[in-house]
Structures are given as C-alpha cells and as structure tokens.
Amino acid sequence: RNYKFRYFNIRLFIYIAILSVMGILIIQSATMNTGENTASKQIMGVAIGAFCMIVLSLVDYHWIMKNFVFVYIGTNILLALIYTPLGTAAGTGARRWIDVGVQIQPSELGKVGILMFFAMFFELIQDKISSLSTVALTAVLFGIPFLLICKEPDLSSSLVLTFIFLVMIYTAKL
C-alpha cells in the first residue's frame, strides 16, 4: 500500500518532541554540577528514537501483521541474544542489555513483539479459541519469551508482559 503523508499524526509527533525536550532540559538541570554528560546521551537516544518512530510510522502495519510469525521468531532471537557475548551484565549481575554500539534492552522490544504476535494469533484462531490444543499452544508460545525474560532476571518486564498477556487472553475470550 502507498503511504499517504496526510495520515501521519503530526500532533502526536509534536507532543513527543515537546516531552523529549522537557526531559532533556530536566536531565541537564539535574546533572549540571556532576560533571557527567548525561544530557548528550539523552539527546542521542531521542534522535535515534525519533528516527525509528518516523521509519516505523511509514511502514504499513498490515504488512507487519502478515509477517507475525517472523515478529515472534525475531523477538525470541533478540531475547536470546542476551546470553551471547553481546549481552552485558549490569552491576547487579543481571544480563538485560545487548551492546551493539548502543545498548538495547530486548525485553522492552519483546513486549511489543509479543503483543503484535498474539494480536494476530488470536485473530486467526478465533473459531477454535477455547479448544484444549489452542490453550496448550498459547501457553507454550507465551512461555518461551516469558522464560527468556525471567532468566535475565527482569521481574518488572515479566510482570508487565504477563499482565499484557492476561488482558489479551481475557479480550480474546480464551
């Protein structure tokens, strides 16, 4: 499908830009006398985030949803990368980040990937949503990324992912 710029939500982009600038100014003000250059890290993060937001807003979400299996596989691969040499341990010993020049927390991206996967999955299996095989398959499909996140350990992301999943199960009437 051809993207029409008139569907781009400029107001949302402006709100995000305003909040990002406010955040940068607050970080700058809070760390002004510490000698740390955290504001420039935040500016870089905002720039990367804005670029990703614009690129993803130009992609037709129907195309992403048609490839929902690849989204699920990619999410699990990203979560598993923590256990490779790319994964970095925090001071607490938890391996939650991947260092590829910039640090990425896969569990945050995993929440979005799992949400997109199960949205399409539940739509496709609507007719047999309450069968025992569907319930078992759903539990296994949820269990893989859930266990990868729990093993990091990242309790907050596991709880948020579980809550999202339970809401989706309730909405799908599983």
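Residues numbered from 1 in each chain as written. Predicted model: local features only at pLDDT ≥ 70, side-chain atom pairs only at ≥ 80, totals over all residues. Heavy atoms only, no water.

Trainee: Got a minute to help me understand the confidence of the model for the protein in this structure?
Mentor: Detailed conclusions should not be drawn from predicted coordinates in areas where pLDDT is low. The pLDDT averaged across the protein works out to 83; a share of 93% of its residues lies at or above 70. Taking the mean pLDDT of every element in the protein, the minimum, 69, falls on strand 1 (residues 87–89) and the maximum, 90, on helix 1 (residues 10–30). (pLDDT = per-residue confidence, 0-100. Helix = DSSP H or I, 4+ residues; strand = E, 2+ residues; numbered from the N terminus.)

Trainee: How should the packing of helix 4 (residues 68–80) against helix 5 (residues 106–124) be read in this particular structure?
Mentor: When two helices pack together, their arrangement is captured by the angle between the axes and the distance separating the axes. Between helix 4 and helix 5, the least distance of the axes is 9 Å, while the angle of their chain directions is 155 degrees. By the angle class used here, helix 4 and helix 5 are roughly antiparallel. In terms of crossing hand, the pair formed by helix 4 and helix 5 is left-handed. Contact with helix 4, carried on its side by Phe-68, Val-71, Tyr-72, Thr-75, Leu-78 and Leu-79, involves Pro-106, Ser-107, Leu-109, Gly-110, Gly-113, Ile-114, Met-116, Phe-117, Met-120, Phe-121 and Leu-124 of helix 5 and no other residues of that element. Looking at the contact of helix 4 with helix 5 residue by residue, the classes come out as 13 nonpolar, four polar and no charged. (Axes fitted to C-alpha atoms, helices over the stretch in contact; angles between N-to-C directions. Parallel < 35°, antiparallel > 145°, perpendicular 65-115°, else oblique. Left-handed = near helix turned anticlockwise from the far one by under 90°. Contact = heavy atoms within 4.5 Å. Nonpolar A, V, L, I, M, F, W, Y, C, P; charged D, E, K, R; others polar.)

Trainee: What's the story with the packing of aromatic side chains in this structure? I'm lost.
Mentor: By convention here, two paired aromatic rings are described through the distance between centres and the angle between planes. Applying the stated criterion to the full structure yields 10 aromatic pairs. Seen in terms of ring centroids, Phe-117 and Phe-121 are 5.6 Å apart; in terms of plane orientation they differ by 15 degrees. Their pairing is stacked. Taken together, the residues span about one helical turn, with Phe-117 and Phe-121 both in helix 5 at a distance of four residues. Residue Phe-121 is classed as buried on the basis of its relative accessible area, which comes to 8%. Taking 5.5 Å as the distance between ring centres and 35 degrees as the angle between the ring planes, the aromatic pair formed by Phe-118 and Phe-122 counts as tilted. Highlighted residues: Phe-118 and Phe-122, both in helix 5, separated by four residues, approximately one helical turn. Both residues of the pair, Phe-118 and Phe-122, count as buried. Taken together through their ring pairs, the aromatic side chains of Phe-68, Tyr-72, Phe-117, Phe-118, Phe-121, Phe-122, Phe-142, Phe-146 and Phe-165 make up a single cluster. (Phe/Tyr/Trp six-rings, centres within 6.5 Å; stacked < 30°, edge-to-face > 60°. Buried < 20%, exposed > 50% of the residue type's maximum accessible area, 1.4 Å probe, protein only.)

Trainee: Please explain the nonpolar core as it appears in this structure.
Mentor: Within soluble globular proteins, side chains that are nonpolar generally end up buried alongside one another. Formed by 20 residues in total, the largest nonpolar core has its most connected members in Phe-117, Phe-118, Phe-121, Phe-122, Leu-141 and Phe-165. When contributions to this core are tallied by element, the ones reaching two or more residues are helix 4, helix 5, helix 6 (132–150) and helix 7 (155–172). Considering each element in turn, this core owes the most residues, six residues, to helix 5. Among all residues touching Phe-118, those that are not within four sequence positions of it are Thr-138, Leu-141, Phe-142, Phe-165 and Met-168. (Core = buried A, V, L, I, M, F, W, Y, C linked by side-chain atoms within 4.5 Å.)

Trainee: Explanation requested: the packing of helix 5 against helix 6 in the structure shown.
Mentor: At a closest axis distance of 11 Å, the pairing of helix 5 and helix 6 adopts a crossing angle of 175 degrees. With respect to their mutual orientation, helix 5 and helix 6 come out roughly antiparallel. Across from Ser-107, Ile-114, Phe-117, Phe-118, Phe-121 and Phe-122 in helix 5, the residues of helix 6 making contact are Leu-137, Thr-138, Leu-141, Phe-142, Pro-145 and Ile-149. For the contact of helix 5 with helix 6, the per-class residue count stands at 10 nonpolar, two polar and no charged.

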